[in-house]
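# Breakdown of the fold
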Amino acid sequence: MTDVSELAHIAIEIAQEAGALARRRRDEGVQIAATKSSMADIVTEADREVESLIRDRLRSMRPEDGFVGEESEPETGTSGITWIVDPIDGTVNYAYGIPAYAVSIAAVRGTPEPDKWTALAGVVFNPVTAEIFHASLGNGSWLGGRRIAVNDAPSPAGALLGTGFGYDPRSHAGDLARVARVMPLARDIRRFGSAALDLCAVAAGRLDGYFERGLKPWDHAAGALIVTEAGGRVSVGHERDEFGRVLVVASNSLLFDSLFSSASGD
């Protein structure tokens, strides 16, 4: 039987080492290595170096596990466990020196696809604030040594919500229309630039909810478990928009249905 607490411990240890490397490279000066889906969607040399460090550490500690990372080719394991990794979530923030980026590491069981896996452990580490959010299946969610939980309900003023926008300029009109549909539920909107940290903010009660189209599995694998173990609900939709993007929604149970309905346009 897999020890989920041990998986979380491994992820915490590696995330802190990887985060220290990311911050050191940020202090030395960021070098842009490439673009991905658009000119705005960048990869830094640090993304690749940090992912390589994480992969090497996991290969040493868990050689039979699989690996799926944002910046390298997937690797199939034999143990039934796969690590889903975003070395620097919030790369544009990172490149600009905005202190909202994170190392995200999750361990999942089963086929490494969000609708088929069972998340076992998740860690999100912000190297700038040194905040480390972590969870393992059945053991709750934690910020360092303090247990965290989603908010019970939004205030009468409305819900404080987080979101993000795609890099493809063609998708911006749809993203803005989604915000307009959600605004009747909101007291205000926050746009932090890191999906992993947005999800952790929901888990810690810093946001009442979060919605965004266009996340990849490594963006939400750890954060989604942290939300659910904090008592919240997360949906990773199956229906894709015209740009192939699924909708991710996270919040407490009281807000979830109305937020999902507004964000999806149903």
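The following refers to the structure shown. Note that the structure is predicted; figures quoted are calculated from it, not measured. (Residues numbered from 1 in each chain as written. Predicted model: local features only at pLDDT ≥ 70, side-chain atom pairs only at ≥ 80, totals over all residues. Heavy atoms only, no water.)

Taken in spatial order, the seven strands make up an open sheet running 3-4-5-6-7-8-9, and their pairing is mixed. Both outer strands of the open sheet, strand 3 (66-69) and strand 9 (146-148), are each paired with one neighbouring strand and no more. On average, each strand axis in the sheet is inclined to that of its neighbour by 20°, with strand direction left out of account. Here three bridges tie strand 7 (residues 131-136) to strand 8 (residues 141-143), and the two strands are oriented antiparallel to one another. Across the sheet, residue His 134 finds its bridge partner in strand 8, namely Trp 142. This element, helix 2 (residues 45-61), spans strand 3, strand 4 (81-89) and strand 5 (102-109) of the sheet and lies at about 155° to strand 4. Its contacts with the sheet place helix 6 (residues 217-229) against strand 3, strand 4, strand 5, strand 6 (118-126), strand 7, strand 8 and strand 9, and it is angled at close to 100° to strand 6. (Pairing = 2+ DSSP bridges. Helix = DSSP H or I, 4+ residues; strand = E, 2+ residues; numbered from the N terminus. Axes fitted to C-alpha atoms, helices over the stretch in contact; angles between N-to-C directions. Contact = heavy atoms within 4.5 Å.)

A few words now on the nonpolar core. Core analysis: the largest hydrophobic core is formed by 35 residues, its most contacted members being Ile 84, Val 124, Phe 133 and Ile 226. Those elements giving two or more residues to this core turn out to be strand 5, strand 6, strand 7, helix 5 (195-203), helix 6 and strand 14 (247-251). The element contributing the most residues to this core is helix 5, with eight residues. Filtering out sequence-adjacent residues up to four positions away, Phe 133 remains in contact with Gly 122, Val 123, Val 124, Trp 142, Leu 143, Ile 148, Cys 200, Ala 204, Arg 206 and Ile 226. Formed by 31 residues, the second largest nonpolar core is a distinct cluster that contains Ile 12, Ala 15, Leu 21 and Trp 83. (Core = buried A, V, L, I, M, F, W, Y, C linked by side-chain atoms within 4.5 Å. Buried < 20%, exposed > 50% of the residue type's maximum accessible area, 1.4 Å probe, protein only.)

Quick look at helix 6 now. For helix 6, spanning 13 residues, the distance from its first C-alpha to its last is 18 Å, which sits close to the expected 18 Å at 1.5 Å a residue. When the local axis directions of helix 6 are compared, the greatest deviation, roughly 25°, occurs at Gly 223. If you check which residues of helix 6 are buried, you get Trp 218, Asp 219, His 220, Ala 221, Ala 222, Gly 223, Ala 224, Leu 225, Ile 226, Val 227 and Glu 229. (Expected span 1.5 Å × (residues − 1). Bend = angle between axes of the 7 residues up to and from the residue.)

A separate point is helix 7 (residues 253-264). Here helix 7 spans 17 Å end to end across 12 residues, near enough to the 16 Å set by a 1.5 Å rise per residue. The set of residues buried in helix 7 consists of Leu 255, Phe 256, Leu 259, Ser 262, Ala 263 and Ser 264. Check the buried side of helix 7 and you find it contacts strand 10 (159-163), helix 4 (172-182), strand 12 (209-213), strand 13 (233-236) and strand 14. Near the N-terminus of helix 7, the side chain that reaches the backbone nitrogen of Leu 254, with its oxygen 3.0 Å away, is that of Asn 252. Among the residues trailing helix 7, Gly 265 stands out with phi positive, at a value near 85°. (Polar contact = N/O pair within 3.5 Å; in protein donor to acceptor, adjacent residues only side chain to side chain.)

This paragraph deals with the packing of aromatic side chains. Tallied over the full model, the rule gives two aromatic pairs. Ring geometry for Phe 256 against Phe 260: centres 6.0 Å apart, planes inclined by 15°, an arrangement best described as stacked. Here Phe 256 and its partner Phe 260 are both found in helix 7, four residues apart, which amounts to about one turn of the helix. In this structure Phe 260 comes out as partly exposed when scored by relative accessible area, which is 25%. (Phe/Tyr/Trp six-rings, centres within 6.5 Å; stacked < 30°, edge-to-face > 60°.)

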